[in-house]
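Here's the letter readout for the chains.
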Amino acid sequence: MRVWRDPRLRALLFQALVLAGVIGLALFILDNTLTNLERRGITSGFDFLSSTAGFGIIQTLVDFSEESSYGRAFLVGLLNTLLVSALGIALATFLGFLVGIARLSHNWLVSRLAATYIEVFRNIPLLLQIFFWYFAVLQTLPGPRQSLAVGDVVFLNVRGLYLPKPVPEESFWWIPATLSLSVLSIILLVRWARRRQDRTGRAFHSMYASLALLLGPLLVAALVTGFPVSWELPVLKGFNFRGGLVLIPEFMALLIALSVYTAAFIAEIVRAGILSVSHGQTEAAHALGLRPLQTLRLVVIPQAMRVIIPPLTNQYLNLTKNSSLAAAVGYPDLVSVFAGTVLNQTGQAIEVIAITMAVYLTISLTIAATMNWYNRRVALVER
Amino acid sequence: MKFKAKIFLSTAVALVVLAQAAVAGQTLDTVKDKGYLTCGVHNGLPGFSSPDDKGRWTGIDVDVCRAVAAAVFGDASKVRFTPLSAKERLTALQSGEVDVLSRNTTWTLTRDAALGLNFTGVTYYDGQGFLVRRDLGVTSALDLAGASVCVQTGTTTELNLGDYFRSNGLEYSPVVFEKSDETLAAYEAGRCDALTSDRSQLYAHRIKLRAPTEHVVLPEVISKEPLGPVVRQGDDAWFNIVKWSLFAMVNAEELGIDSGNAGRLKASSRSPAVRRLMGVEGDKGKALRLGNSWAYDIVSQVGNYGEVFERNLGADSPLQIDRGLNKLWSKGGLQYAPPVR
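Residues numbered from 1 in each chain as written. Chains lettered and ligands numbered in written order. Predicted model: local features only at pLDDT ≥ 70, side-chain atom pairs only at ≥ 80, totals over all residues. Heavy atoms only, no water.

1. Quick look at the domain arrangement of chain B
Residues and elements named next belong to chain B.
Then step 1. You can read the domains of chain B as domain 1 (13-125 + 226-328) and domain 2 (128-223).
Then step 2. Using only C-alpha atoms to locate each centre, domain 1 and domain 2 end up separated by 29 Å.
Then step 3. Taken together, the contact pairs 20 residues of domain 1 with 17 residues of domain 2.
Then step 4. Summed over both sides, the interface of domain 1 with domain 2 buries roughly 1300 Å², with 58% coming from carbon and sulfur.
Then step 5. One can count one salt bridge joining domain 1 with domain 2.
Then step 6. Among the salt bridges present, the one from Glu-178 reaches Lys-87, with a minimum N-O distance of 3.3 Å.
Then step 7. For the pair domain 1 and domain 2, the interface holds four residue pairs in polar contact (both at pLDDT 80 or more).
Then step 8. Taken together, the elements giving at least two residues each to the side of domain 1 that touches domain 2 come down to α5 (86-94) and β5 (100-106).
Then step 9. Class assignment for the residues of the side of domain 1 that touches domain 2 results in nine nonpolar, seven polar and four charged. (Domains from an automatic or database assignment. Contact = heavy atoms within 4.5 Å. Buried area = accessible area lost by both parts, 1.4 Å probe. Salt bridge = Lys/Arg side-chain N within 4 Å of Asp/Glu carboxyl O. Polar contact = N/O pair within 3.5 Å; in protein donor to acceptor, adjacent residues only side chain to side chain. Helix = DSSP H or I, 4+ residues; strand = E, 2+ residues; numbered from the N terminus. Nonpolar A, V, L, I, M, F, W, Y, C, P; charged D, E, K, R; others polar.)

2. A short note on the state of the cysteines
Residues and elements named next belong to chain B.
Then step 1. Tallied over the full model, the rule gives two disulfides over all chains.
Then step 2. There is a disulfide in this structure between Cys-39 and Cys-65, and the S-S distance comes to 1.8 Å. One disulfide, between Cys-39 and Cys-65, carries an S-S torsion of -45° and so falls in the left-handed class. Here Cys-65 lies in helix α4 (residues 60-73) and Cys-39 lies in strand β1 (residues 37-42), a separation of 26 residues in the sequence.
Then step 3. A residue is classified by how much of its surface remains accessible, and Cys-39, at 0% relative accessible area, is buried.
Then step 4. The class for Cys-65 is buried, based on a relative accessible area of 1%.
Then step 5. Within chain B, bonded cysteines paired by disulfides and numbered along the sequence follow the pattern 1-2, 3-4. (Disulfide = S-S within 2.5 Å. Buried < 20%, exposed > 50% of the residue type's maximum accessible area, 1.4 Å probe, protein only.)

Listed below in C-alpha cells is the structure:
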C-alpha cells in the first residue's frame, strides 16, 4: 500500500509539514530581524537596563530619582500597573456584586437604577470613560490655592486628592503582630466550629466571636502602645501641597473608569450566576427550615459561584490589560513609563516591547491560575 | 548578544520585521519607484508642521521635506506627510515607514550612534525654556522649586528637565503626556505650573492658548536643541541628498538667490558660485544621483532658507520669532553650509 493511502501516515506527514513550516517561519523572522538590526547599526541587547534613566516619574511606590536606572523605571512602572489593577479588581468586584444583586431586587426603583447603570457604563468605550473622568471631571477642579477642603485635613484640586498620611511610630509593629495572631485564631475557631457542626449537628455562630477576636486584641494593643500612628497633613507650600498622601488625578481617573466599566460586566455575570440556580433549590431549602439569609448563604451563593467564577476571571484579566490605557492620561504605568518613555529614550523597541509583553502575559497567567485554582475548589465534584 | 536573548527577541519582532524587509534596498530607488516621498512630521506644531485651513501642511519642517521632493522629482508637491508623535517618530523612521524624518528632532549622540540614525544637518538651532502664567509672579526658572511641570514624553526635553532641576537641587513633579497638544491642554487646565519644551515650540503653543498675553516664556535657556532632518544609517546616497537639500537652501540665501529671482539668475548670472548651484556649470546634481537642476528646483519651488524661515516662523508668520542663532554665519548666526564645488 502506498504511503498517501494510509490515513494515519498521511495525517502524520501533513502535521510534520505544518510544523516544519511554522519553525521555518520563526527562524526566518529571527534571522531577518537580527540581520536587519546589525545592518542598520541599531544597538541591541539588554545592557540598557542598568544605565541611568535621567527622567523623573510623578508617582513611585519605590524610591526613584533621575539617577536611577532604566531597570528601576521598569520596576516603578510595573508596580504602578499592579497597584491600579489590584485596586481596580477589588473595587470592581465590590461594585459589581452590589449592582448585580440590586438588579435582581424586587424593588422597582433599585432594579431599574442598577439596569441603567449597567447599560450606560457597559456600552460606552472605556477610553472615552477615562477621558471623561480625567478631562471633564478632574481637570475642571480648582487650582491648589482654591482647593476644595474638608477641614484642614483633606484637599481636592486639579493636581489631585491630598489625604493625611499615617506615619507609623516605633512601637507600631505591635499592631500587625496582634492582627496576625487574631486572624490565625479566627481561622482556627472557624475550623473548629465547622468540625463540631459536622460531628454533632450543633451550629456555632462564629461571626460575633470572630469580630470580638479581631477587634478586642487590636484595641488593647493600640491602647497599651498609645496609638503608635501619627498623621502627616498636606500643607500648601509654594506652588503645591507638600506632605500627606497624594492621589494624582491621572491615577484616580484611570481607577474610577476601570472599576466602573468592569463592574457593569461583573454585575451581569453575578445576575446570571444567581439566576442559574433553579428556584426549586430555594424552595427545597425553605422546606428544610432554612431562613432566607441562610438559604442565600448556604444554598444559592455556593452554586452561583460555579457559574460566576470563570467569566469573572475574564473580567479580571480584561481589567488588568485595560489598565494599559493609562498612557492616554499620562498615568505612569508599565506601558507609559517603560514601553513609552524608556523605549523612546533608548530606542530599543524590540527589547522593550518584548519585555512588556512578557510581563503582561505573566500577570494574566498568574491571575488565571489563581482563579482556576479557586474554581476547582468551588466546582461541583462529580462522582 | 546571548543566544537566549536572541530567541526572546524573535518572539516579538514579527511586526517590525515585515516593514524592515521592504526597506533594505536603496532609499532613492524606492522613493523614485513609488513616485512620492514619505516624510514624518509633527502632528500639529505651528511654524514647524501643521495643516492650514485648507488641509495643506505648512511649516519649516514641512518645507524641508518639500525641498527633498523638489530635488528628487523636480516637483515639490510629490511628498506625503505622516504625522507622528514624539514617541512614534524614531521607530517610524527605523522601520522604514517614512523616508525622512523632519520633525523638530534634537540631534544627540545616542540618536546618531546607537539608534541606527543619521542627522543630516540643523534646520533650526533651538534651546529649551519654560512657559508660565504671568500672574504666578515667576521671573526665573530657578523660582520653580516644587512646581508641577508638564512635559512631552520621549523627548530630550524630558531629560533636560531632570538634569536642570537635579543640578540646581530643586524638587519638581513631572506631568508627562504623549502628545504636545495634551501637555498644552493640561497646562491650560492648571494641572501644571509650567510647560517646558523647546522655546520655538513654546511660542507656537502660546498663540494657541485662550489668552496668549497672560503667559510668559522665562528667560532661561536650559539646553542646546539643534533640530534637524534624520535618515536611516547605511544609505549614504540618500543621506547626501537630504543633507544637500538643506545646504542648497542655505547656500542660496548666502548667494542672494530666492524663489523670485532664481529663474533670472539661472539664465543670466555670471557668478560661478551661482551658476554651479543652479546647475548651469558642472555636474553637481549627477554626483548626488539627481538632475543638475536639483538646487534650482528647490529654490524656485520652496525658497531659500531665509524665505522659508520668515514665512513660517519669522516676520511673515504669526509666531514672530527672531532669527537669533539661525541667522547666516556671515550675519552673526550659526547657519553655515559647505560650498557647492
